[in-house]
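Close look at the chain arrangement
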Amino acid sequence: QVQLVESGGGLVQPGGYLRLSCAASGNIFSINSMGWYRQAPGKERELVATITKGGATNYADPVKGRFTISRDNAKNTVYLQMNTLKPEDTAVYYCKAVDTFSGIIWGQGTQVTVSS
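Residues numbered from 1 in each chain as written. Predicted model: local features only at pLDDT ≥ 70, side-chain atom pairs only at ≥ 80, totals over all residues. Heavy atoms only, no water.

This next bit is on the state of the cysteines. In this structure the tally under the stated criterion is one disulfide. Two residues, Cys22 and Cys95, share a disulfide whose sulfurs are 2.0 Å apart. Judged by the torsion about the S-S bond (-85°), the Cys22/Cys95 disulfide is left-handed. Residue Cys22 is found in strand E3 (residues 18–25), and its partner Cys95 is found in strand E9 (residues 91–99); the two are separated by 73 residues along the sequence. Residue class for Cys22 comes out buried when judged on its relative accessible area of 0%. (Disulfide = S-S within 2.5 Å. Helix = DSSP H or I, 4+ residues; strand = E, 2+ residues; numbered from the N terminus. Buried < 20%, exposed > 50% of the residue type's maximum accessible area, 1.4 Å probe, protein only.)

Following this line, the structure appears as structure tokens:
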């Protein structure tokens, strides 16, 4: 069973940056892909970015060119570098893993607030 723990959220001014981390523990070799999703108040949870074991990435249109998803296999961690942050990026950001045996696994989320 894989467990995910997010960190790195916080309050940042528009135009600023943050890096989120998602640390995976358990049977990490069963993870097929990982990603970041976000949910703003009153809105549905939406995809931000995904990355496969092979390193292929996918980004939602609103974050293309500003956010970068990456991984550090040695640390069993996936990152989301968020640059040029906008107020519209304010949301709870969730890490997601697709596990071969357990299906979809979610972290508990980390709050990102972009405001002056």
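Of all hydrophobic cores here, the largest spans 30 residues; its most connected members are Leu4, Trp36, Leu80, Met82 and Tyr93. Broken down by secondary-structure element, the contributors of at least two residues to this core are E3, strand E4 (31–39), strand E5 (46–52), strand E7 (67–72), strand E8 (77–82), E9 and strand E11 (110–114). Residues within four places of Leu4 in sequence aside, it is in contact with Cys22, Ala23, Ala24, Met34, Cys95, Lys96, Ala97, Ile105, Trp106 and Gly107. (Core = buried A, V, L, I, M, F, W, Y, C linked by side-chain atoms within 4.5 Å. Contact = heavy atoms within 4.5 Å.)

What is shown is where atoms sit, not what they do.
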